Amino acid sequence: LSGADDRTVKIWDYQTKSIVHTLEGHTHNVCAVMFHPKLPLIASASEDGTVRLWQSSTYRAETTLNYGMERAWALAATKETNMLAIGFDEGCVCIELGSDDPVASMDATGKVVWATNNDIQTATVRGLASGSGNDDDALPDGERLPVIPRDLGS
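Residues numbered from 1 in each chain as written. Predicted model: local features only at pLDDT ≥ 70, side-chain atom pairs only at ≥ 80, totals over all residues. Heavy atoms only, no water.

Draft legend 1. Fine view of the sheet that holds strand 1 (residues 2–3). Spatially, 1-2-3 is the arrangement adopted by the three strands of the open sheet, whose pairing is antiparallel. Each edge of the open sheet is held by one strand with a lone partner, namely strand 1 and strand 3 (18–24). With six bridges joining them, strand 2 (residues 8–13) and strand 3 adopt antiparallel strand pairing. Note that in strand 3 the partner of I11 across the bridge is H21. (Pairing = 2+ DSSP bridges. Helix = DSSP H or I, 4+ residues; strand = E, 2+ residues; numbered from the N terminus.)

Draft legend 2. Spatial organisation of the sheet that holds strand 8 (residues 72–76). Taken together, the three strands give an open sheet; going across it, the order is 8-9-10, and neighbouring strands pair in antiparallel fashion. Each having just a single partner strand, strand 8 and strand 10 (91–96) make up the two edges of the open sheet. Going from strand to strand, the sheet's axes swing by 20 degrees on average, the running direction of each strand aside. When strand 8 meets strand 9 (residues 83–88), the two strands line up antiparallel, connected through four bridges. Among the inter-strand pairings, A74 is bridged to a residue of strand 9, identified as G87. (Axes fitted to C-alpha atoms, helices over the stretch in contact; angles between N-to-C directions.)

Draft legend 3. Inspection of the pattern of salt bridges at higher detail. Here the structure, examined in full by the defined rule, presents three salt bridges. D6 is the salt-bridge partner of K10, the closest N and O atoms lying 2.8 Å from each other. Residue E62 pairs with R60 through a salt bridge whose shortest N-O separation is 3.0 Å. By relative accessible area, E62 is classed as partly exposed at 36%. (Salt bridge = Lys/Arg side-chain N within 4 Å of Asp/Glu carboxyl O. Buried < 20%, exposed > 50% of the residue type's maximum accessible area, 1.4 Å probe, protein only.)

Below, the structure written as structure tokens:
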């Protein structure tokens, strides 16, 4: 398994030293790659700030993770858990793969609740994207909303 500046992940046959499959999808250099020791997944981390997860038997892209923490440099996992640790320029993230528990929740009123480490925070996003109701004031799709979080405690 290798990742390189050509933005791809390559799966190699150890004995013949030939490429078995090439995984494409990153938009910048691939810095770290690994087979998860417990799950049938390949993880790849890139300077584009994303971590991509691939099915290790079909080589199908499963998901792309982006935490907005600049370049992703390192990956780590243990065979005892479904955890994946990701090292970025601006910190690290540990996630549990295969968990159905949401990390954020939003109700119909636009109230969002999320957990950051041990802190529970909330914000309301209703009406933020539309500005004052005038189309000239509306934020374009994909822009970050000016959310002011409120701490709910630990």
